[in-house]
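Chain by chain, the residues run as shown.
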Amino acid sequence: MLTHLELICKFNAIPIKNKILDGGRIHNLDELPIPNYSLWPKLDAFITARLTDAFAEDGKPLRWLPYETSRGCPHRCNFCEIHTVKNCKYRVKSPAKVVKEVIALVQKHDLTHVKFIDDNLPAIIGRAEEIAKLIVESGVKFTFDIEVRADYFGESRKVTSSILDLFKQAGLVQCTLGLESGSQRVLDLMNKGEEVEDGTLAVSMLAKHDIYTRASFITGYPGEEKKDVLKTAKHITRLRRYNKFICGVVTLRPYPGTPLTKELVAQGVIVHPTTLEGWSDPDLISVYTYTDDQGAVRSWQPNWELASGIAFYNNVESGARIRKDMVKKKALLWVYSLFYISAWLRNRLCFYSFQVERPLYRRFHDYVFKVENVKD
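J.: It is not clear to me how the pairing of strand E1 (residues 64-67) should be interpreted in this structure. Could you clarify?
T.: Side-chain direction in a regular strand flips from residue to residue, so the side chains alternate between the two faces of the sheet. The alternating pattern of E1 places Trp64 and Pro66 on one face and Leu65 and Tyr67 on the opposite face, and all of these are buried. Two strands pair when backbone bridges link them, and E1 and strand E4 (residues 113-116) are joined in this way by four bridges, in the parallel orientation. Its bridge partner being in E4, Pro66 is matched across the sheet by Lys115.

As structure tokens, then:
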């Protein structure tokens, strides 16, 4: 059996000396049975649940399910939960198994969309290419989206223009990119292994192929300075000029067990409980689950007001909380437009002081979800 390093090198024609991963064995995921979603008693409610993805805005009925073709990630960002769940080894299903199972799910549940939830589906680009080819050859029509690293894009890299042509023919409508920051200094602190301009290239290539970019960013990272946060805000604004670009921005949540969180614990910035009961404390849980619009100040996050403001107002502009197509009543649509214009202006001017709209938007959000009968 090939090690996961050897398998990646085989599919990508990478010499073994260019080490990407630690040694180890790949578990044979082809032995796993097809996911049995029918065990979920409320399956149809899940299949028809809303997606915040922009490609879902066209009003067409959307039926979707998640599907995983691989496990693990060959990269080592120091904030990522793969460290916590010990999911660093990269293991894959064969292209034939993937397409056979996906088509079976599409036909059994009458799906229109499949959300591939792999951390990095194109990590072995030859395998991803074979999956796309088999989907095309099957003649079964459905759309799908994937998660990809930004530094995979480029004519001399994994995801080339010809690969994107093939993916789009197979049904690709969106790529999620973890761009994380507009500051190279912060990307280096994250051990991201990417350049800021990798993200710009990736977004531009996707725009040329009329594929949505759903980018994620993190603000409030330990060691981040005010100038770094503003670089992220300005970088997002520059990327918005590309077709079909949306983004979600979060303030950092330090997942337990990651290298970053272990460092914060060692510094005494975060105190972890020593008992299982201690982990049930609501205040501790909130450290890992709060969102940008809840306004909770974290002592370990620098420049809290600025970082959380950039996250909040960019999420409003991107429709990460409420999309325009979700608002049906004219009066509510007017209010939505006011919030959007305010966020647009703040993001263009990089003005995040006196954030009076935030508590009002939270009330508006709850009211819209209630009167429009939207499930959060």
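J.: Got a minute to help me understand the pattern of salt bridges in this structure?
T.: Side chains carrying opposite charge are able to pair once their charged atoms draw close together. Counted according to the given criterion, the structure contains 21 salt bridges. Ionic pairing is found between Glu317 and Arg348, a salt bridge with its closest N-O pair at 2.7 Å. Of this pair, Glu317 sits in helix H11 (residues 304-318) while Arg348 sits in helix H12 (residues 330-349), and the two are 31 residues apart along the sequence.

J.: Sorry if this is basic, but what is going on with the packing of aromatic side chains here?
T.: What the rule picks out here adds up to eleven aromatic pairs. Judged by centre distance (6.1 Å) and plane angle (80°), the rings of Tyr67 and Phe116 are edge-to-face. One end of the pair, Tyr67, is in strand E1; the other, Phe116, is in strand E4, and 49 residues separate them in sequence. The class for Phe116 is buried, based on a relative accessible area of 3%. Between the aromatic rings of Phe312 and Tyr361, the centroid separation amounts to 5.5 Å while the plane-to-plane angle is 85°, which identifies the pairing as edge-to-face. Taken together, the residues span a long stretch of sequence, with Phe312 in helix H11 and Tyr361 in helix H13 (residues 357-371) at a distance of 49 residues. Linked through ring pairs, Phe312, Tyr313, Phe339, Tyr352, Tyr361 and Phe364 together constitute an aromatic cluster.

J.: Sorry, what's going on with empty space enclosed by the protein here?
T.: The probe, sized like a water molecule, is rolled over the atoms to show the empty space still left. Enumeration according to the criterion identifies three cavities of 30 Å³ or more in this entry. For the largest cavity, the calculated volume is near 70 Å³. Every residue lining the largest cavity is listed: Phe116, Leu121, Ala128, Ile131, Ala132, Ile135, Phe144, Ile146 and Phe167. Those elements that place two or more of their residues in the lining of the largest cavity are helix H4 (125-138) and strand E5 (143-148). Considering every element that reaches the lining of the largest cavity, the biggest residue donor is H4, with four residues. Split by residue class, the lining of the largest cavity holds nine nonpolar, no polar and no charged. Of the volumes computed, that of the second largest cavity is approximately 40 Å³. Residues that form the lining of the second largest cavity fall into these classes: three nonpolar, three polar and two charged.

What counts, and where the lines are drawn
- Position labels on residues start from 1 in each chain and follow its written sequence.
- Reporting in this predicted model follows two pLDDT cut-offs: at least 70 for local features of residues, and 80 or more for side-chain atom pairs to be given and counted; totals over whole chains, interfaces and linings ignore these cut-offs and use all residues.
- Excluding hydrogens and water, the side-chain figures rest on all heavy atoms present in the structure.
- Accessibility here uses a 1.4 Å probe with only protein chains present; expressed as a share of the type maximum, an area under 20% marks a residue as buried, one over 50% as exposed, and anything in between as partly exposed.
- Secondary structure elements are defined from DSSP: runs of H or I of at least 4 residues count as helices, runs of E of at least 2 residues count as strands, and each element is numbered from the N terminus.
- Paired strands, in this sense, are two strands between which DSSP finds at least two bridges.
- Any Lys or Arg side-chain nitrogen located within 4 Å of an Asp or Glu carboxyl oxygen qualifies as a salt bridge.
- Here the aromatic set is Phe, Tyr and Trp, taking the six-membered ring for Trp, and pairing holds for ring centres within 6.5 Å; pairs whose planes are under 30 degrees apart are stacked, those over 60 apart are edge-to-face, and all others are tilted.
- Only protein atoms enter the calculation, which uses a 1 Å grid: trapped sets of points that fit a 1.4 Å probe without letting it out are cavities, open sets showing protein on both sides within 12 Å along at least five of seven lines are pockets, and any residue with an atom within 4 Å of a point is a lining residue.
- Grid points are joined across faces, edges and corners, and a volume is the space filled by probe spheres set on the points.
- Only Asp, Glu, Lys and Arg are considered charged in this grouping, and only Ala, Val, Leu, Ile, Met, Phe, Trp, Tyr, Cys and Pro are considered nonpolar; every other residue, Gly among them, is considered polar.

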